[in-house]
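Single-letter residue listing:
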Amino acid sequence: MKISTRGRYALRFMIDLAQHDSSSFVALKDISERQGISIKYLEQITSLLSKFGLLISVRGPQGGYKLSKDPSQYTIGEILRVTEGDLAPVACLSTAVNSCEKKNKCATLQFWKGLSKVVNEYLDGQTLQDVIDGRNDVEKTL
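All values derive from a computational prediction rather than experimental measurement.

Asks: Just checking my understanding: could you explain the nonpolar core for this structure?
Replies: What tends to happen in soluble globular proteins is that the nonpolar side chains get buried as a cluster. Membership of the largest hydrophobic core comes to 27 residues, with the highest contact counts inside it found for Phe 13, Met 14, Leu 49 and Leu 128. Of all elements in the fold, only α1 (5-19), α2 (28-35), α3 (39-51), β2 (64-67) and α4 (76-84) reach the threshold of two or more residues within this core. Here this core takes seven residues from α1, the largest share from any one element. Excluding residues that lie within four positions of it along the chain, Leu 49 makes contacts with Ala 10, Phe 13, Met 14, Leu 54, Leu 55, Val 82 and Thr 83.

Structural data, given as structure tokens:
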């Protein structure tokens, strides 16, 4: 699994927003400057994050973005799934029902299920606040 630029930038955006949240809205321009990410790219990311309810946005001179909940209530998995889609390591595990014709004979299926479980548990066990505080130790969730 490889996290795309969009996923990495979304995480940086959310961390920046959490660190600079003073109960008022933060301008996209400010985050763009701090993170070195173009406003155009951030607009695409914020559109997705807003659509899924992770952000509150307000237009206008006093507008901007803020988190819709406390940083401790966001998991890294939640943020990455919004921007990356499914985080399954193989296509046959990307839906609730495995429709692969070889699933009953596949020697590697259990391996892929195990990897998927470890990755998802780790990402869902880490909050935005954990990352901000530097508490993203593997031992915390495994």
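Asks: What am I meant to see in the packing of α2 against α3 here?
Replies: Two quantities define a packed helix pair, namely the angle between the axes and the distance from one axis to the other. One way to put it is that α2 packs onto α3 with a least axis distance of 10 Å and a crossing angle of 115°. Between α2 and α3 the crossing geometry is right-handed. The segment α2 lies against α3, with Leu 28, Lys 29, Ile 31 and Ser 32 engaging Ile 39, Leu 42, Glu 43 and Thr 46.

Asks: Would you explain the packing of aromatic side chains in this entry?
Replies: Centre distance and the angle of the planes are the two values used to describe a pair of aromatic rings. What the rule picks out here adds up to three aromatic pairs. Pairing Tyr 9 with Tyr 41 gives two aromatic rings, centres 5.4 Å apart and planes at 65°, and the pair type is edge-to-face. In this pair, Tyr 9 sits in helix α1 while Tyr 41 sits in helix α3, placing the two residues 32 residues apart along the sequence. Classification of Tyr 41 as partly exposed rests on a relative accessible area of 24%.

Asks: Would you explain α2 in this entry?
Replies: At 3.6 residues per turn, the α-helix brings residues three or four places apart onto the same side. Buried within α2 we find Leu 28, Ile 31 and Ser 32. Relative to the axis of α2, the buried residues are bounded by an arc of 105° and lie together on one face. Those residues of α2 that are buried are in contact with α1, α3 and β2.

So, how was this worked out
Residues numbered from 1 in each chain as written. Predicted model: local features only at pLDDT ≥ 70, side-chain atom pairs only at ≥ 80, totals over all residues. Heavy atoms only, no water. Core = buried A, V, L, I, M, F, W, Y, C linked by side-chain atoms within 4.5 Å. Buried < 20%, exposed > 50% of the residue type's maximum accessible area, 1.4 Å probe, protein only. Helix = DSSP H or I, 4+ residues; strand = E, 2+ residues; numbered from the N terminus. Contact = heavy atoms within 4.5 Å. Axes fitted to C-alpha atoms, helices over the stretch in contact; angles between N-to-C directions. Left-handed = near helix turned anticlockwise from the far one by under 90°. Phe/Tyr/Trp six-rings, centres within 6.5 Å; stacked < 30°, edge-to-face > 60°. Arc of directions from axis to C-beta.

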